[in-house]
There are 6 protein chains.
Amino acid sequence: MRIALYPGSFDPIHNGHLDVIERAAHLCERVVVAVAQNIGKEALFSIEERVDLIEEATRHLDSVEVAAFEGLLVDFYARIGADAVVRGLRAVSDFEYEFQMALMNRQLSPEFETIFLMPSQEHIFLSSRMVKEIARLGGEIGPFVPEPVASALLARLRS
Amino acid sequence: MRIALYPGSFDPIHNGHLDVIERAAHLCERVVVAVAQNIGKEALFSIEERVDLIEEATRHLDSVEVAAFEGLLVDFYARIGADAVVRGLRAVSDFEYEFQMALMNRQLSPEFETIFLMPSQEHIFLSSRMVKEIARLGGEIGPFVPEPVASALLARLRS
Amino acid sequence: MRIALYPGSFDPIHNGHLDVIERAAHLCERVVVAVAQNIGKEALFSIEERVDLIEEATRHLDSVEVAAFEGLLVDFYARIGADAVVRGLRAVSDFEYEFQMALMNRQLSPEFETIFLMPSQEHIFLSSRMVKEIARLGGEIGPFVPEPVASALLARLRS
Amino acid sequence: MRIALYPGSFDPIHNGHLDVIERAAHLCERVVVAVAQNIGKEALFSIEERVDLIEEATRHLDSVEVAAFEGLLVDFYARIGADAVVRGLRAVSDFEYEFQMALMNRQLSPEFETIFLMPSQEHIFLSSRMVKEIARLGGEIGPFVPEPVASALLARLRS
Amino acid sequence: MRIALYPGSFDPIHNGHLDVIERAAHLCERVVVAVAQNIGKEALFSIEERVDLIEEATRHLDSVEVAAFEGLLVDFYARIGADAVVRGLRAVSDFEYEFQMALMNRQLSPEFETIFLMPSQEHIFLSSRMVKEIARLGGEIGPFVPEPVASALLARLRS
Amino acid sequence: MRIALYPGSFDPIHNGHLDVIERAAHLCERVVVAVAQNIGKEALFSIEERVDLIEEATRHLDSVEVAAFEGLLVDFYARIGADAVVRGLRAVSDFEYEFQMALMNRQLSPEFETIFLMPSQEHIFLSSRMVKEIARLGGEIGPFVPEPVASALLARLRS
């Protein structure tokens, strides 16, 4: 597998995402982390900030690059010549949703392939929403996100 | 079974809905598709538009009629003398929700009956939300909705 | 819907099954309860006994008949001219299995239709296996099975 | 177990909540029902109203007290010296979410313990959201909530 | 909560079980681990061996005692005056089964109470069946079971 | 990804398996299909027969080879220098089990990686057990298995 595409909203990236990226980087020649532009007004970080945070968090991984994308995932997939989309699996409800997305995308574009990776056990229940909620309530988010994300979250919520 | 009631928001109707309607029409003398008035501001189509699109899509089915309804489903059920509500099942999360709805309705009205039908395999993961998202992003929605719905969606999103 | 087919192993019939039969009888002109011959050596009751117990338990329902069947369900379905198979839904794992069965049967015979009914809330977690285990351990099974089944279970386990 | 903490938004308390509180009161010396301050603008009742309704509904239970709380649950837990958080389980999707919350809280504070109780079967599918929706549509909510909650709901929706 | 009853087949006890026992011991005055006699011929260890292994593994916990039991759990529950049964939750399928068991037992005996505890994250997917399979295939089982169980498993499988 | 390992019992291989193999062959340089020796007495086909049937069914795929294996999967994985195990996902219950297996294997060998692929929608509910049951009952298995498997199944069941 040469090019893996890892799409998401990453608002912000957390250690479960990073774990999936590292696993993908180990299996593929190149990993493109694709940050979805259009996730609505409730995003805490702008698209540029989200891209920057991922770039900082993946600096140690040569084969990883980060890009913002708009429009259909299948179009971006075709444009970069991806061999597969990578998704991390967490819990059952997740699995249902991922299944649905993968099947829809395959109907839009038959050669679309999705591979699911399993993050380490300690990240199975992690989500960006929970991390933001904990930060908002003054909790310690150090164990859940890369250091620059922790700083950015605190700065954002303090302002 | 004489009268089946198929309630939903149908914003808009898609091929999975149509599949369920056709199956119900095959089993029952009359199928009433009941479009819920009150689904909030985030509806893409008005109640009249949603009713019209279903009527167009079910023109080939003599025993199907379409109606808007407000208020409790159990009251509408009693008013039309329905023998059962029909619901299409898709995925597990769906099933949970349907179960909950059916049990609540039965507590409100003991003679309330729900039958679940299974759409064809290619529609199991279809949803109105996904269809709208694909249309919004410029994707091809032909395989997922009846033709008049595809036109209406494109017209609406272009405006 | 004229003819509903309700297949199962019914080893033995319990109140959840009976609830589904009564609901089906209310919706359809005729309900055929089909007892599967081939469920292996671990059956507690013979096929004749299982048929007899269902007949006793459904004596009050004129439109219900009971039959043993061997071979493929889709063949029996065609032979009696059924309009749909009826299945009771209980829990999630159940739902998965029922889905799989229904899809396989539809691939074997496209006109095969399955409708799922929901038993009353107090029967949602009932199963023949649990009833037998409770009886074996000397527990009170009165709340879970029709009276003749309770007697038959006790007689069988005492011998 | 001396002190159990039962957190939630309780907007408003329903019979499933009350069932869990009664079970917890039976197992523990003291039950603190903790009403979350921060559940967003979509709350139907203010924090004071929600606390009052729970107090009325639990008047017959000497060992139960009600408090509003803000901030992290683990901090409130430590402040009152709780031995465990109590949560009622309903359906699968619920279970997933509860699992995630419990694991996150344990990572924030290792001594954090969660015990799950099962409400009576007739409350397994009850939710505040559904109760409010039924009330809004003019349905009978008597079977689902304590009497003072029913009155408060009707008064609120009539205004 | 004074007396907690923790029933199971424990063939053999593993670290996930032990984790649940330790949590229960922390919450209750006394924990009775009840080993089910009747789990069929496929048990690897005899009832006496299973009791012995649990006793060894829980020697550091003063408030824990181990007993074999036959018959209905609700009868044993009544006999020892238990306040609640304790069960560890692992995955969704588990949850379904536990729900069913708890509801059946409550119908057999209304005062029967079940509390569910969550083992540490690293034990969430552990099962006796998997441990035995790994041991059989020559794998390292040290991380999954207490030391005496590891020795007993190896001795048993070597013979 | 250079070497993917696809383990299973394959008793016998069906079109869902074949779909996963083809997808893996598209993503990796080499796919090793590993047939588990030890699946107990209830296997319909011997290990040699199962290997032969897979070889016939994958003759058109140059990069696929088939091997029998005994013992721990992690040991076989290390021996052939695999980069990842490939598993096909079907339904929720499946997912749970696969999760458990993947986590256990990772604890036995930290570098063990599992990637999950999604078969085409029409294979999502296919299983070897169901195929055998249909064949046993005289049903048409042509749509579910490669031709040589269909012949072998009929020959085996006729004898």
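Residues numbered from 1 in each chain as written. Chains lettered and ligands numbered in written order. Predicted model: local features only at pLDDT ≥ 70, side-chain atom pairs only at ≥ 80, totals over all residues. Heavy atoms only, no water.

*Asks:* How would you summarise helix α2 (residues 47–57) of chain A if you had to cite specific residues and measurements?
*Replies:* All names here are of chain A. If you check which residues of α2 are buried, you get I47, R50, V51, L53, I54 and A57. The buried residues of α2 occupy an angular sector of 165° when projected down its axis, which confines them to one face. Check the buried side of α2 and you find it contacts α1 (15–27), β2 (30–36), β3 (64–69) and α6 (147–158). (Buried < 20%, exposed > 50% of the residue type's maximum accessible area, 1.4 Å probe, protein only. Helix = DSSP H or I, 4+ residues; strand = E, 2+ residues; numbered from the N terminus. Arc of directions from axis to C-beta. Contact = heavy atoms within 4.5 Å.)

*Asks:* Give a detailed account of the interface of chain A and chain E, specifying residues and quantitative values.
*Replies:* Between chain A and chain E, the contact holds six residues from the first and six residues from the second. Approximately 380 Å² of surface area, both sides summed, lies buried where chain A meets chain E, with 59% of it carried by carbon and sulfur atoms. One can count zero salt bridges joining chain A with chain E. The class makeup of the residues in the side of chain A that touches chain E is three nonpolar, two polar and one charged. (Buried area = accessible area lost by both parts, 1.4 Å probe. Salt bridge = Lys/Arg side-chain N within 4 Å of Asp/Glu carboxyl O. Nonpolar A, V, L, I, M, F, W, Y, C, P; charged D, E, K, R; others polar.)

*Asks:* With reference to specific residues and values, describe a negative patch on the surface.
*Replies:* Residues and elements named next belong to chain A. A surface patch of like charges, here negative, comprises E48, D52, E55, E56 and E147. Element by element, the count of residues in the negative patch is highest for α2, at four residues. As for its placement among the helices and strands, E147 is situated in helix α6. E147 sits in the exposed class, given a relative accessible area of 55%. (Patch = residues over 30% accessible without salt bridge, like charges linked within 9 Å, V, L, I, M, F, W, Y side chains within 5 Å. Areas by Shrake-Rupley, 256 points an atom, 1.4 Å probe, with all protein chains shown as cover. Lys, Arg positive; Asp, Glu negative; His and termini not counted. Charge placed at Lys NZ, Arg CZ, Asp CG, Glu CD.)

*Asks:* Tell me about the interface of chain F and chain A, residues and numbers included.
*Replies:* In many analyses, interface size is given as the accessible surface area lost on bringing the parts together. The interface is formed by 26 residues belonging to chain F together with 26 residues belonging to chain A. Buried area between chain F and chain A, summed over both chains or domains, comes out near 2400 Å², and the portion from carbon and sulfur atoms is 67%. When the buried area of chain F at its contact with chain A is split by residue, L27(F), R106(F) and M118(F) rank highest and sum to 26% of it. For the pair chain F and chain A, the number of links is two salt bridges. If you look at where chain F meets chain A, you find nine residue pairs in polar contact (both at pLDDT 80 or more). Only α1 (15–27), α4 (92–108) and β5 (114–117) of chain F provide two or more residues apiece to the side of chain F that touches chain A. (Polar contact = N/O pair within 3.5 Å; in protein donor to acceptor, adjacent residues only side chain to side chain.)

*Asks:* Can you explain the sheet that holds β3(A)? Please cite residues and give values.
*Replies:* Taken in spatial order, the ten strands line up as β3(A)-β2(A)-β1(A)-β4(A)-β5(A)-β5(F)-β4(F)-β1(F)-β2(F)-β3(F) in an open sheet, and their pairing is mixed. The outermost strands of the open sheet, each flanked by one partner alone, are β3 of chain A together with β3 (64–69) of chain F. If you compare each strand with its neighbour and ignore which way they point, the axes differ by 30° on average. Along the sheet, helix α3 (residues 73–80) of chain A contacts β1 (3–8), β2, β3 and β4 (84–88) of chain A; its crossing angle with β1(A), the most-contacted strand, is approximately 150°. Against the sheet, helix α3 (residues 73–80) of chain F contacts β1 (3–8), β2 (30–36), β3 and β4 (84–88) of chain F, and its axis sits at roughly 155° relative to β1(F). (Pairing = 2+ DSSP bridges. Axes fitted to C-alpha atoms, helices over the stretch in contact; angles between N-to-C directions.)

*Asks:* Please set out the sheet that holds strand β4 (residues 84–88) of chain B residue by residue, giving values where relevant.
*Replies:* Strand order in the open sheet made by the ten strands is β3(B)-β2(B)-β1(B)-β4(B)-β5(B)-β5(C)-β4(C)-β1(C)-β2(C)-β3(C), with mixed pairing throughout. The sheet is open, and its two borders are formed by β3 (64–69) of chain B together with β3 (64–69) of chain C, each paired with just one other strand. Shown here is a sheet whose adjacent strand axes are inclined to one another by a mean of 30°, direction ignored. As defined by bridge partners, strand β2 (residues 30–36) of chain B adjoins β3(B) across six bridges and the pair is classed as parallel. Counterpart to A36(B) in the pairing with β3(B) is F69(B). In the packing of helix α1 (residues 15–27) of chain B onto the sheet, the strands contacted are β1 (3–8), β2, β3, β4 and β5 (114–117) of chain B together with β4 (84–88) and β5 (114–117) of chain C, and the crossing angle to β5(B) comes to about 120°. Of the strands in this sheet, β4 and β5 of chain B together with β1 (3–8), β2 (30–36), β3, β4 and β5 of chain C are in contact with helix α1 (residues 15–27) of chain C, which crosses β5(C) at around 120°.

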